[in-house]
Amino acid sequence: MTDTNPSPETLELLPELTQATVSPDGRRVAFYYDATGRNEVHVLDLETGDCEQYTDGEAPASNLWPLAWTADGERVLYHHDDSDGGERRDVYTVDATGETEPVVETDGTTTIRAVGPDGETLLVRSNHEGDMDAYLHDLASGDRTRLTDAGYPVWRPILSTDATRVAYPGNDTGDPDNRDVHVCNTDGEVERVVELGERGSTSSPKDWGPDDQQLLVSDDATGVTRCGVYDLAADDVQWFGNADYVEEPQFFLPDGERFVATRKRAATTTPVVYDVESGEGRELDLPDGVARFGRRATRVVDDDRILVVYTTPTRRPELLVYDLATDEYEPVFERDYGPYEPADFVEPVYETVASDGTPETPARAVEHDPYETFDVGTLFYDAGARPSPLVVFPHGGPHLSNRRAFDSRAQYLCQCGYAVLQVNYRGSSGRGRAFSRALHGDWGGAEQGDVATAVEHVLAEYDWLDEDRVAVYGGSFGGFSALWQLLQYPDLYAAGAGVVAMTDLPDMYENTVPQFRSGFLQTHLGTPDENPDLYRERSPVTHAGNLNAPLLLVHGTNDPRVPVSQARNFRDALLERGYDQGEGAAFEYRELDGSGHFGANADEESPLALLTDFLDRRL
């Protein structure tokens, strides 16, 4: 362990590496890295270990969006965002000399999906004409063809290796949960609809085989997501695995005879290699943690070597090259720990807690009858203080999950002396269809009961937790959860903080970006016209008068997903009910000028710094 105790702010400043993708020749890797204090495109030579910075101020502040190589390997495609976090993204290229060039410019949000090996075809998603649709962009002429116009977002289109077809998840039924695999030509004409599962199941294409005669697909008709290989000529699919765990296909290997998937089990994500002919699969020999393969990143180095980003709760993500023939791996870009060592970080305890969505703590906003009982997964971080304050940290999404990965925010809170509880409430990913869809039509219901039940469990399990110093904190849907916990179960909490939190669902529906209106709110709650009572009842703003603990509200002024009106409406509702605003008052309010949903303005204090200052004063 380190000899001194560095400031927690030092942890927040450690550089991040994201979106690693391998060049067409397998010799280099492009990624975002912010060691300079700003997100920039870097390129690593896998043979020499040399790393070169390509951009100098042109890369976006957010590192969440994918990179890609041009077919000749001479340039890197990246997202240019001059909207200060507002997500008006264009596509640019940069080469080794630092020269940048615009490729796709619109007045909307455009995201790279794939580059054709012909060197002329770029597949993107864009919402500049309404919903998030798939487009083919001709790199030589600049012409753009709209492929989809279905009235709902198209999330994961994939381009065939010969750049003549695109596969994407589509829905021609009246069931909003249904997704089938659609295959279209370069004019957008649908040539085939592949119904892999039963009506209402979700199917998705993941990768084309090397000869474009096979599609790597996923489907959840069995109740958990499984991997399949669909033969286009035979119109037949072969399924893999035994459906014990959620398994998500990632990519074919170059021979087309094997593919890589990830298996989710007990908050870990483990890579699996399947043999197509035999159907047999084997897990890669890595420690318990989380493997990541990026957003449409290329991870194939050669026939038997792949690029893996791997992390554990106490080890920051490392870039590894894994040899499938020998089951050996080596780090090719080790992470910077600054003044820390892995031993300085907290190893969380994973356990499940039975919950029927109705905790013993009285519900003060909306009464619920017991729901279906689920075993809800939790991660508990013991920072070592005795007695110890507790921060409950529900994740966003909501279809995400906390896993045994390095979580810089949780570790930051531990460095500040707070125990941390994370809860994979019903609606979280990685547990199958029934668990995920249990949240549909019930925001502010059983999933919030799951969180409160988990809090009750740890308070009973660890007598050294100070039940008078329990706070709740989250961002986005996690911010909605934090506010709902304070308003629904105020007896549990002594303080709370919501960052870019949803507070007013009718206003959210009216003012969010189109793809989140149609692909997110409508999927979960219908429309305000269809379900006006539900939209009002499950809005925190409706129950603002239940607030009984100090609250911190933080919101970026340039957030297109959760508009700043959400924070302002809740602030106004509190003021109308007689609550005082200001440091030391009933609630504290902070707008971050120019920041978006994922942050952008480096001149503003970070939400974590604002949170810990607030907790130090109020908890």
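Before any of the text, the structure's been laid out above.
Cut-offs and rules
- Residues numbered from 1 in each chain as written.
- Predicted model: local features only at pLDDT ≥ 70, side-chain atom pairs only at ≥ 80, totals over all residues.
- Heavy atoms only, no water.
- Helix = DSSP H or I, 4+ residues; strand = E, 2+ residues; numbered from the N terminus.
- Expected span 1.5 Å × (residues − 1).
- Buried < 20%, exposed > 50% of the residue type's maximum accessible area, 1.4 Å probe, protein only.
- Salt bridge = Lys/Arg side-chain N within 4 Å of Asp/Glu carboxyl O.
- Core = buried A, V, L, I, M, F, W, Y, C linked by side-chain atoms within 4.5 Å.
- Contact = heavy atoms within 4.5 Å.
- Polar contact = N/O pair within 3.5 Å; in protein donor to acceptor, adjacent residues only side chain to side chain.
- Pairing = 2+ DSSP bridges.
- Axes fitted to C-alpha atoms, helices over the stretch in contact; angles between N-to-C directions.
- Phe/Tyr/Trp six-rings, centres within 6.5 Å; stacked < 30°, edge-to-face > 60°.
- Lys NZ or Arg CZ within 6 Å of the ring centre and 35° of its normal.

1. Brief notes about helix 4 (residues 446–461)
Given a rise of 1.5 Å per residue, 16 residues ought to cover 22 Å, and the 22 Å separating the end C-alpha atoms of helix 4 matches this to within 8%. Within helix 4, 13 of the 16 residues are buried, leaving the element largely enclosed by the surrounding structure.

2. With respect to the pattern of salt bridges
Considering all chains together, one arrives at 39 salt bridges under this definition. One salt bridge connects Asp-90 with Arg-88, and the closest N-O pair in it is separated by 3.2 Å. Classification of Asp-90 as buried rests on a relative accessible area of 3%. Of the residues examined, Arg-88 reaches a relative accessible area of 26% and is grouped as partly exposed. For Arg-536, the salt bridge identified is with Asp-533, shortest N-O distance 2.6 Å. One end of the pair, Arg-536, and the other, Asp-533, are both in helix 8 (residues 532–537), three residues apart, so they sit about a helical turn from each other. Connected via shared salt-bridge partners are Asp-177, Glu-198, Asp-220, Arg-433 and Arg-437.

3. Looking at unusual backbone geometry
The omega torsion of the bond from Arg-386 to Pro-387 falls at -10°, within 30 degrees of zero and hence cis. Residue position: Pro-387 is located in the loop between strand 31 (374–381) and strand 32 (388–392). Looking along the chain, the bond that leaves Gly-397 and enters Pro-398 is cis, with omega of 5°. By the element assignment, Pro-398 lies in the loop between strand 32 and helix 2 (408–415). Here the phi dihedral of Gln-19 falls at roughly 60°; this positive angle occurs in a residue that is not glycine. Take Gln-19: its relative accessible area is 13%, and that puts it in the buried class. Located in the positive-phi region is Ala-163, a residue other than glycine, with phi close to 60°. Mapped onto the secondary structure, Ala-163 falls in the loop between strand 13 (158–159) and strand 14 (165–170).

4. Regarding the nonpolar core
Phe-380, Leu-390, Trp-443, Leu-465, Tyr-493, Leu-551 and Phe-570 are the most contacted members of the largest nonpolar core, which has 61 residues in total. Element by element, the count of residues in this core is highest for helix 5 (residues 477–488), at seven residues. Among residues more than four places away in sequence, those in contact with Leu-390 are Phe-380, Ala-419, Val-420, Leu-421, Val-458, Leu-459, Leu-465, Arg-469, Val-470 and Ala-471.

5. Re the environment of Tyr-340
As for its placement among the helices and strands, Tyr-340 is situated in the loop between strand 29 (328–333) and strand 30 (349–355). Residue classification places Tyr-340 among the buried positions, given a relative accessible area of 4%. Tyr-340 sits 169 residues away from Asn-171 along the chain, and the two C-alpha atoms are 49 Å apart. One polar contact links the side chain of Tyr-340 to the main-chain carbonyl oxygen of Ser-7, over a distance of 3.1 Å.

6. Regarding the pairing of strand 35 (residues 495–499)
Most of strand 35 is tucked away: five of the five residues are buried. On strand 35, burial covers both faces: Ala-495, Ala-497 and Val-499 on one face and Gly-496 and Gly-498 on the other are all buried. Summarising the sheet, strand 34 (residues 465–475) and strand 35 pair through five bridges and their orientation is parallel. Paired with Tyr-473 across the bridge in strand 35 is Ala-497.

7. Considerations on helix 9 (residues 565–576)
The terminal C-alpha atoms of helix 9, which comprises twelve residues, lie 16 Å apart, in line with the 16 Å expected from a rise of 1.5 Å per residue. Where helix 9 is concerned, the buried positions are Ser-565, Gln-566, Ala-567, Phe-570, Ala-573 and Leu-574. Along its buried surface, helix 9 packs onto helix 5, helix 6 (505–511), strand 36 (551–556) and strand 37 (587–592).

8. Comments concerning the environment of Tyr-473
Within the element layout of this structure, Tyr-473 appears in strand 34. A relative accessible area of 5% means that Tyr-473 is categorised as buried. Considered as a pair, Tyr-473 and Leu-552 are 79 residues apart in the sequence and their alpha carbons are 9.2 Å apart.

9. Let's talk about the sheet that holds strand 17 (residues 203–208)
Reading across from one edge, 17-18-19-20 is the order of the four strands in this open sheet, with antiparallel pairing throughout. The sheet terminates laterally at strand 17 and strand 20 (236–240), the two strands that pair on one side only. Here the strands of the sheet are splayed against their neighbours by 30° on average, with no regard to which way each runs.

10. Let's talk about the packing of aromatic side chains
The description of an aromatic ring pair uses the distance of the two centres, along with the angle that the planes make with each other. Scanning all chains against the criterion turns up 27 aromatic pairs. Where Trp-443 meets Phe-520, the ring centres are 5.4 Å apart and the plane angle is 50°; that geometry is what we call tilted. Highlighted residues: Trp-443 in the loop between helix 3 (433–437) and helix 4 and Phe-520 in helix 7 (residues 514–525), separated in sequence by 77 residues. Each member of the pair, Trp-443 together with Phe-520, is buried. By way of ring pairs, the aromatic residues Trp-155, Tyr-425, Trp-443, Phe-477, Phe-480, Trp-484, Phe-516 and Phe-520 are connected into one cluster. One residue, Arg-265, lies across the ring of Tyr-245, its end atom 5.2 Å from the ring centre. In this arrangement the basic side chain of Arg-517 is found over the ring face of Tyr-509, its NZ or CZ atom lying 5.8 Å from the centre.

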